[in-house]
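A structural walkthrough
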Amino acid sequence: MVVNMVRDAGDTPEADIHQGITAPRDPVGVKETNNEATFDYCSPEYHKMISQSLLNKGHNARLKRAIQKAGQGEPVVMAYIGGSITHGAGAIPIHLRSYAYRSYERFKAMFAPSDSRSIQLVKAGVGGTPSELGMIRYDRDVLGDGQIQPDIVVIEFAVNDADDETRGNCYESLILKALAADNKPAVILLFSVFENDWNLQDRLAPVGWHYNLPMVSMKDALVEQFHKTKQEGNVITKEQYFHDIYHPTNLGHQIMADALGHLFDAVNHAELDQDDHDLRRPPVIGDDFVHVKLLDRKNGNQLAKINPGCFAQTDTDLQMAEMDDHDYATPLFPHNWMYTRGDRAEAQKFKLQMRCRCLLLIFKDSGSDEFGTALIKVDGVLTKQANPHEVNWTRCHAMLLIQDKHVREHTIEIEMAEGHEDKRFTILGFGYVS
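Residues numbered from 1 in each chain as written. Predicted model: local features only at pLDDT ≥ 70, side-chain atom pairs only at ≥ 80, totals over all residues. Heavy atoms only, no water.

Moving on to the UniProt feature "domain: SGNH hydrolase-type esterase" (unreviewed entry) in the chain. Here, UniProt's "domain: SGNH hydrolase-type esterase" (unreviewed entry) annotation points to residues 81-255. Structurally, residues 81-255 comprises 42% helix and 13% strand, and the distance from its first C-alpha atom to its last is 18 Å. (UniProt positions renumbered as here; feature names shortened; annotations may be inferred. Helix = DSSP H or I, 4+ residues; strand = E, 2+ residues; numbered from the N terminus.)

This is the structure in structure tokens:
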């Protein structure tokens, strides 16, 4: 999770809340800790703290249906998408002690104790990435390109979306993308929190209220009691909960899992709602990217006219993430285009021509001096420059190029900035809406 201090002049005071948080070198590379000293999970004070995390039970029909399926021994898929906290940063081992894995284990114990193998985990957390990238990854990393139908989807981007160029349009689009699936999964919004008590709940929770979604807030559970003494009702200190200024310890991940478990229990004991989420309502922020899809080197020539120029190599030094319950890391966006200098100046640029109404570039950030800045032209106009050293560690970076209401033919040209012709630059892919 990265907070970028570069802001537009029109940013609201909300963005000022996170002043003083500096970007870490590698949010996912934090040391894993085993900070689980004896802790009283049974105290009334702990249960009260957990109960305060339940921001909204929401329409419960979808979640109750998943619970019922689990109880009847039917297959249930639990999916989690978010940033490095969902990835499991700060937990040891990262694939078994993250809040995602622990809440999946909790769900199995609660509702499928005799046949836990019928419950499947899909964990798609990627460090330092916002919903702007999550919505592009959703079809591949959560739906398995159409092979998986989640029954429950937990979305956690409340501390990753500070630099979302659309200020919530991507987040709402991702939610609607998940909600609109034919099998009608339950979508849960999870709001993590930083050590300085900051998150984007004020911006993002209105989307949850708009569709009456289940919402769980770690900010609501933790922040007030952080500032109390033991005598006043403190349950856990920041030193116990946070491994660093961004990520929970093992104990913190357990508390997040308990908060989700509290939601599961509350819904299980509630009366069944007869209605469902009203997806016909106008969006509260925007829905421009609901149908976004990934274009990369694997499928690009089927979708667009591409001349890679000197972006002809494939980069194998990529951001990695332990997906699902794997103890091994998977490289992200392996079907990419990497620039290395060629002999002919006219062949230096990457050129893409396609019909679309929205387009996002995904490029590789890097801490290596071998990488340099690229210039992006949209329909012949210099629109953006992509600097891979904004955070100086290897991660996937999404950048909005086109956002329109109408489909048109567009031409994208990407070339190295002056003085950077001997550097490298990796185009990981594009997100497009046609």
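Bringing the nonpolar core into the picture now. Of all hydrophobic cores here, the largest spans 100 residues; its most connected members are Phe107, Ile155, Met218, Leu222 and Ile255. If one sorts the elements of this core by residue count, helix 11 (residues 250-268) sits on top with 8 residues. Summarising the domain contributions, this core has at least three residues from each of domain 1 (44-269) and domain 2 (293-433). Setting aside residues up to four positions removed in sequence, isoleucine 255 forms contacts with Tyr46, Met49, Ile50, Met218, Leu222, Ile236 and Tyr241. With 28 residues, the next largest nonpolar core counts Phe311, Tyr339, Phe350 and Met354 among its residues. (Core = buried A, V, L, I, M, F, W, Y, C linked by side-chain atoms within 4.5 Å. Buried < 20%, exposed > 50% of the residue type's maximum accessible area, 1.4 Å probe, protein only. Domains from an automatic or database assignment. Contact = heavy atoms within 4.5 Å.)

Per the stated rule, a full pass over the model turns up 0 disulfides. Here cysteine 356 is not disulfide-linked; the sulfur of cysteine 358 is the nearest cysteine sulfur, at 7.7 Å. Take cysteine 356: its relative accessible area is 0%, and that puts it in the buried class. (Disulfide = S-S within 2.5 Å.)

Let us look at the pairing of strand 12 (residues 350-365). Regular strands show a simple pattern: their side chains alternate between the two faces of the sheet. With 13 of its 16 residues buried, strand 12 lies for the most part within the structure. As paired strands, strand 8 (residues 305-307) and strand 12 are joined by 3 bridges and run antiparallel to one another. For lysine 305, the partnering residue across the bridge sits in strand 12 and is glutamine 353. With 6 bridges joining them, strand 12 and strand 16 (residues 425-433) adopt antiparallel strand pairing. Pairing of leucine 360 across the sheet is with glycine 431, part of strand 16. (Pairing = 2+ DSSP bridges.)

With an omega of -10°, the peptide bond running from isoleucine 92 to proline 93 counts as cis. Structurally, proline 93 can be placed in the loop between helix 3 (84-87) and helix 4 (94-97). In this structure, aspartate 145 is a non-glycine residue whose phi angle is positive, near 50°. With respect to the secondary-structure elements, aspartate 145 resides in the loop between helix 6 (131-142) and strand 4 (152-156).

Time to look at the pattern of salt bridges. Overall, the coordinates contain 18 salt bridges when judged by the stated rule. Across the salt bridge formed by aspartate 317 and lysine 364, the nearest N and O atoms sit 3.9 Å from each other. Here lysine 364 lies in strand 12 and aspartate 317 lies in the loop between strand 8 and strand 9 (320-321), a separation of 47 residues in the sequence. A residue is classified by how much of its surface remains accessible, and lysine 364, at 2% relative accessible area, is buried. Taking the shortest distance from any N to any O, the salt bridge between arginine 395 and aspartate 365 comes out at 2.7 Å. Here arginine 395 is found in strand 15 (residues 395-416), whereas its partner aspartate 365 is found in strand 12, with 30 residues between them in sequence. There is no split in this pair, since arginine 395 and aspartate 365 are both buried. (Salt bridge = Lys/Arg side-chain N within 4 Å of Asp/Glu carboxyl O.)

Attention now moves to the sheet that holds strand 2 (residues 76-82). Spatial strand order, 1-6-5-4-2-3: 6 strands in an open sheet with mixed pairing. One side of each edge strand has no neighbouring strand; the edge strands of this open sheet are strand 1 (54-56) and strand 3 (119-125). The average undirected angle you get between the axes of adjacent strands in this sheet is 20°. The pairing of strand 1 with strand 6 (residues 215-217) spans 2 bridges and is antiparallel. Each bridged residue has a counterpart across the sheet, and for leucine 54 the counterpart in strand 6 is valine 216. The strands touched by helix 7 (residues 169-179) within the sheet are strand 4 and strand 5 (186-191), with strand 5 carrying the most contacts at an inclination of about 150°. The strands touched by helix 11 within the sheet are strand 1, strand 2, strand 5 and strand 6, with strand 5 carrying the most contacts at an inclination of about 140°. (Axes fitted to C-alpha atoms, helices over the stretch in contact; angles between N-to-C directions.)

What follows covers helix 11. Taking 1.5 Å per residue as the helical rise, helix 11 with its 19 residues ought to reach 27 Å, and the 27 Å between its terminal C-alpha atoms agrees with that figure. Summarising burial for helix 11: 16 of the 19 residues are buried, a large majority. (Expected span 1.5 Å × (residues − 1).)

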